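# Architecture at a glance
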Amino acid sequence: MFDGMTAELLARIQFAFTVSFHIIFPAFSIGLASYLAVLNGLWLWTKKDVYLSLFNYWKKIFAVAFGMGVVSGIVMSYQFGTNWSVFSDKAGPVIGPLMAYEILSAFFLEAGFLGIMLFGRERVGPRLHMFATGMVAFGTLLSATWILSVNSWMQTPAGYSINTDGQFVPEDWWAIVFNPSFPYRLTHMVLAAYLTTAFVVGGVGALHLLRDKTNLAARKMFSMAMWMAVIVTPLQIVAGDLHGLNTLEHQPAKVMAMEGHYDSYPEGAPLILFGIPNSEEKRIDYAIEIPKLSSLILKHDLNAPLDGLDTIPDDEEPPVAIVFWSFRIMIAIGFAMLAIGFWSLFRRWKGQLYDANWLQRVMVLMAPSGFVAVLAGWVTTEVGRQPFTVYGVLRTSDSLAPIEAPAVAASLTAFIIVYFFVFGAGTYYIMRMMNKTPGAIDVKMGLNKGPIRAAGITPAQQLISGTTGR
Amino acid sequence: MEFDLPFIWAGIIAFAVLVYVVLDGFDLGIGILFPFLKDEGERDLAMNSVAPVWDGNETWLVMGGGGLLAVFPVVYATVLPALYAPLIAMLLALVFRGVAFEYRWRTERWKWVWNLAFFGGSLVAALMQGIALGALVQGIAIENRAYAGGWWDWLTPFSILTGIGVAAGYTLLGATWLILKIEGAFQERMRQAAFKLAIATLGLIGAVSLITPFLDPVYFDRWFSWPKIAITSVVPALVGLAAYQLFAGLRNKSDLTPFLASISLFVLGFIGIGISFYPNIVPPSLTIWEAAAPQSSLEFALVGTVILLPIILAYTAYAYYVFRGKVRPEHGYH
């Protein structure tokens, strides 16, 4: 299947494949953990059953998604060493401690309190259970903070020197952690996770509203999700714009690829809406463009000159077509989300939110849109960083482990087979759980009888039920 | 006062790996025992006895790997490529094992698939960890900060022996954990299983311990030359004591003693490896101090570790405390 490919290309495909699968789960579990904390808080505060049934409904989905995130994440933590050992040896002194902080402050926190959140409500009481739920949510956000600091440092390295072994030596940890692109990337990603979750929750709510307009749990989750769409989408577009301006300052070649600007424009650059990047001829074929708009967006001046990829040496140019397309996919989804947010606001204002069949049908279709946008966004920023792992300093081709192509081809094949099988099954189970009606008296997720009985059991009942020996 | 940061860090990483081995050891052991349990009811119980804690247990593995990247990057960058195939196999096995905890409850028709995934994932992960240990003991060729050996160097009769040894030991941990967490006839059968597993584990520990000194003259000198033998012989003596406690605990029908004694065997085995390795972090020639990251990395990471590690240990202990006692069929959230 991978005949004739170099070890470097195979290792890149393997990393792209495993990290793409991985990011899907955190993108969902970051948002869902916060949503669960809000639901549990509202349940304790208002004592309305709808919040508890929503908590229990999404908790089980969270557990499966979180489990998939954990196992796919462990692969990432070892793949740096197996496939990118030179990068690990050189960048380890900088990114390693940041990842160690992620593990110590976030992974242990999530894992330590996840069991109590999932299994422990009756054992620890409502207050400690709320605390545990909050800690899981806090842990997911801390995790995002550290790993985005790592990724941002690879995009905009700062605060280091290089020693005789070629290692990056940390000189200023403040500058490393708060490197130039970090605040923008963190904001953009956390909002993306929240939006992704909002559209999943909204889509599931819409699905059940289309079946039964009176379902209280479905109404509640749909309403909450649509508020998120209204509020967070505009914030995300602003955050994305600021992130883009930051990228223009620090990684101009990436923005040139995103914009499709092969040529420099001394008197105002056009915004290319669509076109086919032609890497041979270094131009965009069939371009549909709006004159000078790109200069207005990026420089806030219609006539501001903008450099193009003709100013970048060929061997430092990122793959234009991939970045060009993935960026457009992300932007298109972002504006679709914005439109849906305003649509929902209009129907809500009319008092028809729960009867808006077309809005609900569109929301069902848009339920996975956040995942596509997150993946497209990451492809844009990661492929746009090429041909470097540490931007401008360490080339991807100089980062590779001394591995042979057949070994990587074999492991890549194994990853593809296992991931599609395992995460395909997990996605199927999650969708089956989402298909169950929320708020039903006995929310059975799955088909087996045994352990589902657990919810609502009291210690007294446990004593009565006797021993386990058979 | 000047702290020897590389030495402190070697201790912290060793601690994280040891905690991983003991904690995920019994999780994986339960997985290996899975097909030998009587029915789905027993499997539900066995899985629920670790369901609230397995994720935290596995995090110590990430801590071991992440810690190496942070403070001994050259170890991370040489040992991982050297163990490419067994580590990839271990990671894929852990994927199957990990998702089985959730998937198994989500389907009736495919339950057997996830039972198999739980068993196979646990067994392969245990074998691969043991093989990785054996390959490391045998030594890893490093030149110019890169792995310089072949792709199959890790596969030797000795590494297969350590692989089986670790798998047997994990299964012993799993069986003794179940003795602690369950009751009745199921518990009684676990006692009988633990008895056989204890004999197998001790036999394999003995075989590995006898072969190791002959792999490298340095190891031989460490264990058998006078006066070192006066100190090192304490380790096998303590193994004997732990073995006695283990068998006595099984005979007296103690719930806790067999588990603690099994943990002691792992701790002692780990100390034995430490005695063989020191001052190397990767045998035969990379020392702790040669492998250490720049001082600023060691310092920065240590500040957080000193603050966070005790907190982690505290809430991990609390999580175990919350889920203390016998696990019963009606427990679990599913």
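Values in this document were obtained by computation on a predicted structure and should not be read as measured data. (Residues numbered from 1 in each chain as written. Chains lettered and ligands numbered in written order. Predicted model: local features only at pLDDT ≥ 70, side-chain atom pairs only at ≥ 80, totals over all residues.)

## Here we look at the overall build of chain B
Tallying secondary structure elements over chain B gives 14 helices and 4 strands in all. For chain B, the C-alpha radius of gyration of 20 Å lies close to 20 Å, the compact-globule estimate for 334 residues. Here the C-alpha coordinates of chain B stretch approximately 55 × 45 × 40 Å along the principal axes. Across the 334 residues of chain B, 57% fall into the buried class. (Helix = DSSP H or I, 4+ residues; strand = E, 2+ residues; numbered from the N terminus. Rg over C-alpha atoms; globule rule 2.2 N^0.38 Å. Buried ≥ 20, exposed ≤ 12 C-beta atoms within 10 Å, placed from the backbone.)

## Focus on the overall build of chain A
Each helix and strand counted, chain A has 14 helices and 6 strands in total. Expected size for 470 residues packed as a compact globule is a radius of gyration near 23 Å; at 24 Å, chain A falls within 12% of this value. Structurally, chain A occupies a C-alpha span of about 75 × 55 × 45 Å along its principal axes. Split into buried and exposed, the 470 residues of chain A put 52% on the buried side.

## Regarding the pairing of strand β4 (residues 283-290) of chain A
All names here are of chain A. Where strand β3 (residues 271-278) and β4 come together, 6 bridges link them in antiparallel fashion. Within β4, the residue paired with Asn278 across the bridge is Arg283. Hairpin connection between β3 and β4: a loop of 4 residues separates the two successive antiparallel strands, and Lys282 in this loop has a positive phi of roughly 55°. (Pairing = 2+ DSSP bridges.)

## Points about the nonpolar core
Counting residues in each nonpolar core, the largest one holds 262 residues, and the members touching the most others are A:Leu36, A:Ala65, B:Phe72 and B:Leu91. If one sorts the elements of this core by residue count, helix α3 (residues 85-119) of chain A sits on top with 22 residues. Beyond its immediate sequence surroundings of up to four residues, A:Ala65 is in contact with A:Phe25, A:Phe28, A:Ser29, A:Leu32 and A:Ile430. (Core = buried A, V, L, I, M, F, W, Y, C linked by C-beta atoms within 7 Å. Contact = placed C-beta atoms within 7 Å.)

## Quick word on the confidence of the model for chain B
Residues and elements named next belong to chain B. With 98% of its residues at a pLDDT of at least 70, chain B reaches an overall mean of 90. Across chain B, the secondary-structure element scoring lowest on mean pLDDT is helix α10 (residues 228-232), at 85, and the one scoring highest is helix α7 (residues 157-181), at 95. Interface confidence for the predicted complex, expressed as ipTM, amounts to 0.87; the pTM equals 0.87. (pLDDT = per-residue confidence, 0-100.)

## What about the environment of B:Leu133?
Residues and elements named next belong to chain B. Checked against the element boundaries, Leu133 lands in helix α6 (residues 111-138). Sequence separation between Leu133 and Asp27 is 106 residues; the distance between their C-alpha atoms is 19 Å. Here Leu133 is in contact with Thr162 and Val166, once residues within four sequence places are set aside.

## Here we look at the interface of chain B and chain A
For interface size, the figure often reported is the accessible area lost on association. With 75 residues of chain B at the contact, the number on the chain A side is 74 residues. Contributing elements (two or more residues each) for the side of chain B that touches chain A: α2 (40-48), α3 (54-71), α4 (73-82), α5 (84-103), β2 (146-147), α8 (184-211) and α14 (295-322) of chain B.

## Concerning the environment of B:Leu172
Residues and elements named next belong to chain B. Here Leu172 is to be found in helix α7. For the pair Leu172 and Glu40, spaced 132 residues apart in the sequence, the C-alpha separation amounts to 21 Å. Every residue in contact with Leu172, bar those within four places of it in the chain, is listed here: Gly29, Ala194, Leu197, Ala198, Thr201 and Ser262.

## Remarks on the packing of helix α6 (residues 182-211) of chain A against helix α11 (residues 357-366) of chain A
All names here are of chain A. For the pair α6 and α11, interaxial distance at closest approach is 8 Å and the crossing angle is 135°. One element, α6, and the other, α11, form an angle in the oblique class. Where α6 crosses over α11, the two elements pack in a sense that is left-handed. Along its contact with α6, which presents Phe199, Gly202, Gly203, Ala206, Leu207, Leu209 and Leu210, the element α11 presents Asn357, Gln360, Arg361, Met363, Val364 and Met366. (Axes fitted to C-alpha atoms, helices over the stretch in contact; angles between N-to-C directions. Parallel < 35°, antiparallel > 145°, perpendicular 65-115°, else oblique. Left-handed = near helix turned anticlockwise from the far one by under 90°.)

## Some remarks on the packing of α3(A) against helix α4 (residues 121-155) of chain A
Residue and element names in this part refer to chain A. Put simply, α3 and α4 touch, their axes get as near as 8 Å, and they point 160° apart. The orientation of α3 with respect to α4, classified from their angle, is roughly antiparallel. When you trace α3 past α4, the crossing you get is left-handed. Of the residues belonging to the contact of α3 with α4, the class tally is 22 nonpolar, 7 polar and 2 charged. (Nonpolar A, V, L, I, M, F, W, Y, C, P; charged D, E, K, R; others polar.)

## Considerations on α2(B)
All names here are of chain B. Within α2, 7 of the 9 residues are buried, leaving the element largely enclosed by the surrounding structure. Within α2, the full set of buried residues consists of Glu42, Arg43, Asp44, Leu45, Ala46, Met47 and Asn48. In this structure, the buried side of α2 is in contact with α1 (5-33), α5, α6, α7 and α8.

## A few points about the confidence of the model for chain A
All names here are of chain A. Residues with a pLDDT of 70 or more make up 93% of chain A, whose mean pLDDT is 87. Per-element mean pLDDT across chain A ranges from 36 in helix α14 (residues 459-464) up to 95 in α6. pLDDT under 50 marks residues 442-470. Its contacts with residues more than four places away, or in other chains, come to 54 contacts.

## Description of the environment of B:Leu178
All names here are of chain B. Take Leu178: it is sitting in helix α7. Taking C-alpha positions, Leu178 is 36 Å from Pro81, a pair spaced 97 residues apart along the chain. In this structure, Leu178 is in contact with Ile30, Ala46, Ser49 and Met190, ignoring residues within four places of it in sequence.

## Topic: α7(B)
Its 25 residues give α7(B) an end-to-end C-alpha distance of 36 Å, which sits within 8% of 36 Å, the value for a rise of 1.5 Å per residue. Summarising burial for α7(B): 21 of the 25 residues are buried, a large majority. (Expected span 1.5 Å × (residues − 1).)

## Focus: unusual backbone geometry
Looking along the chain, the bond that leaves B:Tyr278 and enters B:Pro279 is cis, with omega of 5°. Structurally, the position occupied by B:Pro279 is in the loop between α12 (257-277) and β3 (280-282). In this model, B:Pro283 is joined to B:Pro284 through a cis peptide bond whose omega is 5°. Summarising the element assignment, B:Pro284 is placed in the loop between β3 and β4 (286-287). Located in the positive-phi region is A:His300, a residue other than glycine, with phi close to 60°.

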